Protein chains: 2
Amino acid sequence: MIKQHILVTVDNVIFTVIQDRLEVLLVKRDIEPFKNQWSIPWWFVLETEDCEVAAYRELREKTNVKDVYLEQLYTFSDVKRDSRGRVITVAYMALVTRENIVINAWSYTSEAKFFPVNSLPKLGFDHKKIIEYAIQRLQWKMEYTNVSQYILPNKFTLSELQKVYEIVLNKTFDVRNFRKKIDSLHIIKPTGEKEIGVQYRPAKLYKFINKKIDIVEIL
Amino acid sequence: MIKQHILVTVDNVIFTVIQDRLEVLLVKRDIEPFKNQWSIPWWFVLETEDCEVAAYRELREKTNVKDVYLEQLYTFSDVKRDSRGRVITVAYMALVTRENIVINAWSYTSEAKFFPVNSLPKLGFDHKKIIEYAIQRLQWKMEYTNVSQYILPNKFTLSELQKVYEIVLNKTFDVRNFRKKIDSLHIIKPTGEKEIGVQYRPAKLYKFINKKIDIVEIL
DNA sequence: CTAATAGTGTCTCTGAGACACTATCTA
DNA sequence: TAGATAGTGTCTCAGAGACACTATTAG
């Protein structure tokens, strides 16, 4: 074998949509190294787990997740990305629904909160680059697959669905064209229920037909 | 810091199109471990280089490459993917033109040759999975970008261009529709030259306008 | 003139996008 | 009945795909 000392971490870019904004979870560590610095949550990969398992573990440590979408993004390996030594990171992107956003308290960080992607604080490491990469991938996935179900609540209105697309892709769509398109894809079905407690005409509630992520060329 | 012993390698899936077939470079090692076993070329990442640099180094060691396309695919990290210990690999895909296929002799392998992707020998590690993943990515890139230029010679005929698409995507296209589409994308230009030494009407030669990989939605 | 490949135009159908009004609910 | 959002159809234009013949070269 070879002599090689490279440490391996997983970084999780955890997205959600809250209050008409795309947000990402950041943590502030209260112990060294990187004390008082915001970053995306990361941890070392254990020798007994593959990277995906490590990413799930990290994710569960921070949020109450049931149905979460997790996808490997890219491996960042700049020699100088971590001043302490050689550390490469396998970056993952996670999508959580508003319902699942219960941030757990946990040991090595003093704070954790969601930040809107267009007003992020200064970030440590190469985390800005990683988040930008993640946003691009998310946009691509939104346009070509049915992943949006992992951001929406289980039952949702067509307006909510459209809103999520508009927020993530950062553009607007014509109501009629959007509905026509979604209808033609056969990816959602009506639940028969309606919104309750709203002060206007209540909208019909829909749910996704298939949990599996398919290529559907949404928009 | 943490105690962690994980070795990091890069694996290169090197594609080319020769004799109307999509082929991939495999090596057979003549030293242990994995003696006499075919695999895709791989090597350990040095502590002083990032993964992409390692992949380029590996590539240059095996082929005479000038203009090569290299893209990170995915990081494979199954705990048991290497029986000797914990080894994760960052897989890359490379595209080389027929002109560049000069396989160098080198130290740790006894043999290296291109195999058609649809008749591969038995492979070590999880390399079958890696090649399948690479083929999918290549097909996607061919459909949505102008990467095909890294498989074709500098000057090529429209028939050769179409052939490359047909081979990689494993389907056929109508001549007129194919040309109409390519024409509408403005990604190639005529050189003014023609084929020479052929026993039929010589075809016009074209070249790609832009070396940069763009999203163009070819087919 | 034969063999082999290069090269070219039209029609149909589907889907994207522009666009405005009526329906239903609460207070 | 006012305020707020839900929900719906048509037309135009562009691009995908089906389809068959003529042009050019070497020998």
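Here the structure is a predicted model, which means the values were calculated and not measured. (Residues numbered from 1 in each chain as written. Chains lettered and ligands numbered in written order. Predicted model: local features only at pLDDT ≥ 70, side-chain atom pairs only at ≥ 80, totals over all residues. Heavy atoms only, no water.)

A. Region of interest: the protein's contact with DNA strand C. For DNA strand C, the set of nearby residues contains 19 residues, the closest of which are A:N177, A:K181, A:R201, A:P202 and B:S159. Protein-adjacent atoms of DNA strand C, using a 4 Å cutoff, are sugar or phosphate at a proportion of 48%. Side-chain polar atom of A:K181 to a phosphate oxygen of DNA strand C: 2.3 Å apart, as the coordinates give it. Here a base oxygen of DNA strand C and a side-chain polar atom of B:K180 are 3.0 Å apart. Those elements giving two or more residues to the surface near DNA strand C turn out to be α4 (175-185) of chain A together with α4 (175-185) of chain B. (Near = heavy atom within 4 Å. Polar contact = N/O pair within 3.5 Å; in protein donor to acceptor, adjacent residues only side chain to side chain. Helix = DSSP H or I, 4+ residues; strand = E, 2+ residues; numbered from the N terminus.)

B. Summary view of the pattern of salt bridges. All names here are of chain A. Inspection of every chain in the model, using the stated rule, returns 28 salt bridges over all chains. For R57, the salt bridge identified is with E49, shortest N-O distance 2.6 Å. Residue class for E49 comes out buried when judged on its relative accessible area of 7%. D174 is the salt-bridge partner of R176, the closest N and O atoms lying 3.6 Å from each other. A relative accessible area of 34% means that D174 is categorised as partly exposed. Within this structure, D11, R81 and D126 form a network of salt bridges that share partners. (Salt bridge = Lys/Arg side-chain N within 4 Å of Asp/Glu carboxyl O. Buried < 20%, exposed > 50% of the residue type's maximum accessible area, 1.4 Å probe, protein only.)

C. Molecular detail of the environment of A:T75. Structurally, A:T75 can be placed in strand β5 (residues 69-76). Under the relative-accessibility criterion, A:T75 is labelled buried at 1%. Sequence separation between A:T75 and A:K181 is 106 residues; the distance between their C-alpha atoms is 35 Å. Residues within four places of A:T75 in sequence aside, it is in contact with A:I88, A:T89, A:V90, B:Q72, B:T75 and B:V90. A polar contact is formed between the side chain of A:T75 and the side chain of B:T75, at a distance of 2.4 Å. (Contact = heavy atoms within 4.5 Å.)

D. Here's a closer look at the protein's contact with DNA strand D. Near DNA strand D lie 20 residues; those nearest to it are A:S159, A:K204, B:N177, B:K181 and B:R201. Here DNA strand D approaches the protein such that, of its atoms within 4 Å, sugar and phosphate make up 47%. One of the backbone N or O atoms of A:K204 is found 2.9 Å from a phosphate oxygen in DNA strand D. Where the surface near DNA strand D is concerned, the elements lending two or more residues are α4 of chain A together with α4 of chain B. Element by element, the count of residues in the surface near DNA strand D is highest for α4(B), at four residues.

E. Quick peek at the interface of chain A and chain B. Facing 31 residues of chain A, the contacting portion of chain B comprises 31 residues. Carbon and sulfur atoms make up 56% of the area that chain A and chain B hide from each other, which totals about 2,900 Å². Scanning the region where chain A abuts chain B turns up 17 residue pairs in polar contact (both at pLDDT 80 or more). Going through the elements one at a time, β1 (7-18), α1 (51-62), β5, β6 (87-95) and α2 (127-144) of chain A are the ones with two or more residues in the side of chain A that touches chain B. When the residues that make up the side of chain A that touches chain B are grouped by side-chain class, the tally is 16 nonpolar, six polar and nine charged. (Buried area = accessible area lost by both parts, 1.4 Å probe. Nonpolar A, V, L, I, M, F, W, Y, C, P; charged D, E, K, R; others polar.)

F. Just the environment of A:A54, in detail. All names here are of chain A. Along the chain, A54 turns up in helix α1. Between the alpha carbons of A54 and K28 there is a distance of 20 Å; along the sequence they are 26 residues apart. Ignoring any residue separated from it by four or fewer positions in sequence, one finds A54 in contact with V10, V45 and E49.

G. Looking closely at the relation of the copies chain A and chain B. Its rotation angle being 180°, the transformation that places chain A on chain B also includes 0.0 Å of axial translation and leaves an RMSD of 0.0 Å. Overall, the copies show the geometry of a two-fold rotation axis. Interface overlap between copies is the fraction of interface residues in one copy that are interface residues in the other; for chain A against chain B it reaches 100%, indicating a shared surface. (Least-squares fit on C-alpha atoms with pLDDT ≥ 70 in both.)

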